[in-house]
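# A look at the structure
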Amino acid sequence: MKRVVITGMGTINALGHTVPDTFAALAEGRCGIGPLMFRDADRLAIKIGAQVQNFDAAGRFTRQQLSLYDPFTQFALGAAQEAIDQSGLDLQGHLAERAGVILGTAGGGVSTWDDSYRTVYEDGKNRVHPFVVPRLMNNAAASHISMQFGIKGPSFTVSTACASSNHAMAQAFQMVRAGLAPVMISGGSESMLCFGGVKAWEGLRVMSPDGCRPFSATRNGMVQGEGAAIFVFEDLDHAKARGADILCEIRGFAMTSDAADVVMPSQDGAARAMAGALADGGINPEDVGYINAHGTGTAANDKTECAAIHDVFGDQATKLMVSSTKSMHGHVIGGTGAIELLACVMALRDGVIAPTIGYDRPDPECALDVVPNQARRADIDVALSNAFAFGGLNAVLALARL
Amino acid sequence: MSATAGTSEDGMQIKDQVIAIIAEQAVLDPAEVTLDSTLEDLGIDSLGLVESIFAIEEAFDITIPFNANEPDKSDFDISDVAAIVAGIEKLIAAR
């Protein structure tokens, strides 16, 4: 089995259009949530979200490219460029034929669906743009990364709601670990912040009208975000041979299914996923210094997740740091695990633990060190990143300092 | 009020409007697109063709009978710009 490392990372999200800008925002505890700005937003009951701001699509892409790129593809391509640039990889020849792209997204081109349906249903037109299908398909972002960078090996998209990115990255990790590919591009992207997208979420009545306050007694729901994060996963030997800057190691993963409720989280499913990731990576619970929690800010998730952490870590649970960066970048749904992995890399590499902001009153059911409101300096060796999806599908990744 | 042959409602020559649409698709100056240009000459691929047809349908409020699976069997000749313009004029007249 190969050891697998991260040698590049990129992102576009509400906190920044690059990894350094995003790290700066996470370290400052800056909130990317604000009033939603798009057509018909005045008809929403939930009027806040973490939208990507000042994204110059016209400056980044040609008119022809834009006609084919839904925002979720635009974000993924921007993040991929940064990640591949950082890796310094020259994706040519035999390497290009073996490398692949595995991304997560829950909804794919949601605003493309939304615009197309508006055209035929609201505007009463009988014709839509010819590229609606290639724009909206869930694999569009993975395909355009493959085309843009000439990556010719195994590429596909994983869709498991809020765990999409973690399932995708777990798959890419396995492929490198098994020696099937020396390099995989992986991560996720989501852009559901359009009228129809937010309306759908409103219907479930799990959204906060005023902010995302994970683990706080005053929490009242999730706040949606958008964006992408993309990583270069590489065989350690391959990375060393070319003198790459190694950001951290991916040590293990686990996936579990609750086989219970379609929306209510399961303590057992979450605990088995965390314990499974530790076992897969040969990690002792006491070696874990930080967990980037799923931490949606809903009543149900946060208390269930905390209980699961107690189950897995026992006395150790109150000694490790657990934060939810969704309080800053929002819940990026199928892209969220990838953006949250950035916080794990920051913790391991820079020794900066991103806070849970908006924390204003302790909840006895979430009695962990949630790194309230202010980032903290700490040297840690291992970080976990949790994702627990609707449909009861869970995926946890374990990262380690190399 | 119906348009006279070769002219759309806003008075602009249909030919010029079609050339403008095709030129935009080909990322060329309209002066570089002539009536005897073929789509191949202009570097317009299959996706560019369906996008051009969409733009023409939107501009003239017509429906062009074109199936990308059977371009030769479609009742719409795309062999060159002149044929496309003639086909559009016919569809506008029949509207």
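Being a predicted model, the structure only gives us computed values, none of them experimental. (Residues numbered from 1 in each chain as written. Chains lettered and ligands numbered in written order. Predicted model: local features only at pLDDT ≥ 70, side-chain atom pairs only at ≥ 80, totals over all residues.)

So, on to the sheet that holds strand β10 (residues 321-323) of chain A. Residue and element names in this part refer to chain A. Spatially, the 10 strands line up as an open sheet ordered β5-β4-β6-β7-β1-β8-β14-β13-β9-β10, and their pairing is mixed. For this open sheet the edge positions go to β5 (155-158) and β10, each flanked by a neighbour on one side alone. Across the sheet, the mean angle separating the axes of adjacent strands is 25° when strand polarity is ignored. Note: strand β9 (residues 288-292) against strand β13 (residues 382-389), four bridges, orientation parallel. Within β13, the residue paired with Asn-292 across the bridge is Ser-385. Sheet strands touched by helix α9 (residues 164-177): β1 (4-13), β4 (100-104), β5, β6 (183-190), β7 (227-235), β8 (248-257), β13 and β14 (393-400). Its angle to β6, the strand with the most contacts, is close to 175°. Together, β8, β13 and β14 form the strand contacts of helix α12 (residues 267-281), whose direction differs from that of β8 by roughly 145°. (Pairing = 2+ DSSP bridges. Helix = DSSP H or I, 4+ residues; strand = E, 2+ residues; numbered from the N terminus. Axes fitted to C-alpha atoms, helices over the stretch in contact; angles between N-to-C directions. Contact = placed C-beta atoms within 7 Å.)

Quick look at the confidence of the model for chain A now. Detailed conclusions should not be drawn from predicted coordinates in areas where pLDDT is low. On average, residues of chain A score 97 in pLDDT, and 100% of them are at 70 or above. By mean pLDDT, helix α3 (residues 63-68) of chain A is the weakest element of chain A at 93, and β7(A) is the strongest at 99. (pLDDT = per-residue confidence, 0-100.)

Turning our attention to the interface of chain A and chain B. Size of an interface: often given as the accessible area lost when the parts come together. Each side of the interface is counted separately: chain A has five residues, and chain B has four residues. In the side of chain A that touches chain B, the residues fall into two nonpolar, two polar and one charged. (Nonpolar A, V, L, I, M, F, W, Y, C, P; charged D, E, K, R; others polar.)

So, about the pairing of β7(A). All names here are of chain A. Within β7, nine of the nine residues are buried, which leaves the element mostly enclosed by the surrounding structure. Side chains of β7 alternate between two faces, with Gly-227, Ala-229, Phe-231, Phe-233 and Asp-235 and Ala-228, Ile-230, Val-232 and Glu-234 buried alike. Judged from the nine bridges that link them, β1 and β7 form a sheet pairing that is antiparallel. Bridging across to β7, Asn-13 finds its partner in Gly-227. Pairing between β6 and β7: eight bridges, direction antiparallel. Note that in β7 the partner of Ser-189 across the bridge is Ala-228. (Buried ≥ 20, exposed ≤ 12 C-beta atoms within 10 Å, placed from the backbone.)

Of all five residues making up β9(A), five are buried, and the element is well covered by its neighbours. Crossover connection from β9(A) via helix α13 (residues 299-313) of chain A to parallel β10(A): handedness right-handed. (Right-handed = clockwise from strand over helix to strand, strands pointing away.)

All names here are of chain A. Of note, Ala-24 is situated in helix α1 (residues 19-28). On the basis of neighbour counts, which here come to 14 C-beta atoms within 10 Å, the residue Ala-24 falls in the partly exposed class. The spacing of Ala-24 and Ala-354 is 330 residues in sequence and 9.9 Å in space, taken between C-alpha atoms.

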